[in-house]
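Residue-level structural notes
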Amino acid sequence: MHPTLPKLADTDFPSIRRNKLETLQVNLGYLCNQSCLHCHVNAGPTRKELMDKATVDQVFEFIDRQGITTLDLTGGAPEMNPHFQYVVEQASQRGLSVIDRCNLTILEEPGYEYLYEFLASNNVQIVASLPCYSSENVDAQRGNGVFDKSIAALKKLNALGYGKGLDLSLVYNPQGTQLPPQQTTLELEYKEHLLDHFGIVFSRLLTITNMPIKRFGSTLISKGQFDDYMDVLKAAYRPVNIDQLMCKGLLSVDWQGYVYDCDFNQMLDLPAGISDKKKHISDCLEIDFKQQAITIADHCYGCTAGSGSSCGGALT
Ligand code: SF4
Ligand code: SF4
C-alpha cells in the first residue's frame, strides 16, 4: 500500500477551529466481514484491532464529562466488536443519539441475526452503505453477493420500522475519481428505484466524496491518478462549505482510545489539533475543545469540493 500523507501534508487548506463538541465518532475496530475497494480504513476479515472494554468505559467517562449528545459508531463493522451490545446499551441509558455505520451484510452473517431486533429496540439510527442501486456496481466495489444480501437486510429493517419511523440512511460514494452527483437528485432516483424494484423505503441518501487516503488513495497512486484527483477536489473548492465541516462539532476516537479531529485524520494518524502528539481520551476529560485548532492537510479538500462531504453526506 502506498502512503498518501507525504502527498497531502504540505497544504494550503484554510485553518479551521472547532465549534461546540457534540458528536463522538468511535471506531470500534478494523475487523469487518467485507474488504471493499474504496475502504479508507483497510478493514477486513483478518484484522485483529478491536476496542477493549476498559477503553469503552474511558470513552463513556469522556462522553459524560464533555456532555456529548451523539455517539457515532464506526469500524470495520462496529457490530463485530464483542462489546457492541454493551456500548449501545450504555449509550441508550444516557439518552444519547446513537448511529451505527452498518455495512448491511453483517446483519445477514451467522451469529449476528440478533442485531435486527436489538438495533430497533434501542432506537439506533442506521447509516448503511449502498454505493449504487445496481447489483453489478455494488458487487464490483464491495464484493460478490453484497448487493443481494444488502437488499435482504433492508427488507428486514423495513419490516421492523426502519425507514418508516426508525432512521435509516443510505450512503452513496462514487465508483471512481468523479465527485458525487447532487444529493437530493440522486436520493429521488434511489427512492424510486428501490421502491419500484424491491419495495424498499429509507429515510435519506447521504452522498460522500471518496477521500484520497488509504486504500482508495493508494489505488490512485498505483494508477497515476492521484494528482489529477487532487486537482478535481481543489478545482471544486467552495468556501461556503467551511462552516459546515463535520470536524467543527465532532471528535474521532480510534480503537485504542486516541483522539483525532475526524475519522480521515485518524486513518492518516494525524493527531488532533489540541496537541502535536497523539492524546488519549482519558487525558482529555478536562479539555475545552471549543475554538481548538483542527489538524488539516490536503485531503480536507475532499470535504469542501462541490456540495461538500461529511459522514452525514453533502454539506450545502
Ligand atoms: S464494509 Fe465498510 S469498513 Fe468494511 S471493508 Fe467495506 S468500507 Fe471498509
Ligand atoms: S478531512 Fe474534513 S472533517 Fe477531517 S479535518 Fe479535514 S476538513 Fe475536517
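In case you missed it, the structure is sitting above this.
Structural notes, computed from the coordinates. (Residues numbered from 1 in each chain as written. Chains lettered and ligands numbered in written order. Predicted model: local features only at pLDDT ≥ 70, side-chain atom pairs only at ≥ 80, totals over all residues. Heavy atoms only, no water.)

For the rest of this paragraph, the subject is the packing of aromatic side chains. Evaluation of the coordinates by the stated rule reveals 10 aromatic pairs. Aromatic pair Tyr114 and Phe118: ring centres 5.9 Å apart, planes at 55°, arrangement tilted. Where Tyr237 meets Tyr301, the ring centres are 5.7 Å apart and the plane angle is 75°; that geometry is what we call edge-to-face. Of the two residues, Tyr237 sits in the loop between helix 9 (226-235) and strand 8 (250-253) while Tyr301 sits in helix 11 (residues 301-304), which places them 64 residues apart along the sequence. Classification of Tyr237 as partly exposed rests on a relative accessible area of 27%. Joined through ring pairs, the aromatic side chains of Phe13, Tyr237 and Tyr301 make up one cluster. The ring of Tyr258 carries Lys278 above its face, with NZ or CZ at 5.2 Å from the centroid. (Phe/Tyr/Trp six-rings, centres within 6.5 Å; stacked < 30°, edge-to-face > 60°. Helix = DSSP H or I, 4+ residues; strand = E, 2+ residues; numbered from the N terminus. Buried < 20%, exposed > 50% of the residue type's maximum accessible area, 1.4 Å probe, protein only. Lys NZ or Arg CZ within 6 Å of the ring centre and 35° of its normal.)

Moving on, we come to the site of ligand 2. In the vicinity of ligand 2, the contacting residues are Leu245, Met246, Cys247, Cys262, Phe264, Asn265, Ile294, Thr295, His299, Cys300 and Cys303. The residue inventory of the shell around ligand 2, partitioned by class, reads 8 nonpolar, 3 polar and no charged. (Near = heavy atom within 4 Å. Nonpolar A, V, L, I, M, F, W, Y, C, P; charged D, E, K, R; others polar.)

A separate point is the nonpolar core. Core analysis: the biggest nonpolar cluster contains 99 residues, and Leu24, Phe62, Leu107 and Tyr190 have the highest contact counts within it. Not counting the four nearest positions on each side in its chain, Leu24 is found in contact with Val59, Phe62, Ile63, Ile68, Thr70, Leu71, Asp72, Leu251, Val253 and Ile281. One finds Ile99, Val127, Val171 and Ile208 within the second-largest nonpolar core, a separate group that totals 5 residues. (Core = buried A, V, L, I, M, F, W, Y, C linked by side-chain atoms within 4.5 Å. Contact = heavy atoms within 4.5 Å.)

This paragraph deals with the packing of helix 2 (residues 53-66) against helix 3 (residues 84-93). Close contact between helix 2 and helix 3 brings their axes to 11 Å; oriented N to C, the two are set at 15°. On the basis of the axis angle, helix 2 is roughly parallel to helix 3. In terms of crossing hand, the pair formed by helix 2 and helix 3 is right-handed. Contacts from Lys53, Val56, Asp57 and Phe60 in helix 2 reach Tyr86, Val87, Gln90 and Ala91 in helix 3. When its residues are assigned to classes, the contact of helix 2 with helix 3 shows 5 nonpolar, 1 polar and 2 charged. (Axes fitted to C-alpha atoms, helices over the stretch in contact; angles between N-to-C directions. Parallel < 35°, antiparallel > 145°, perpendicular 65-115°, else oblique. Left-handed = near helix turned anticlockwise from the far one by under 90°.)

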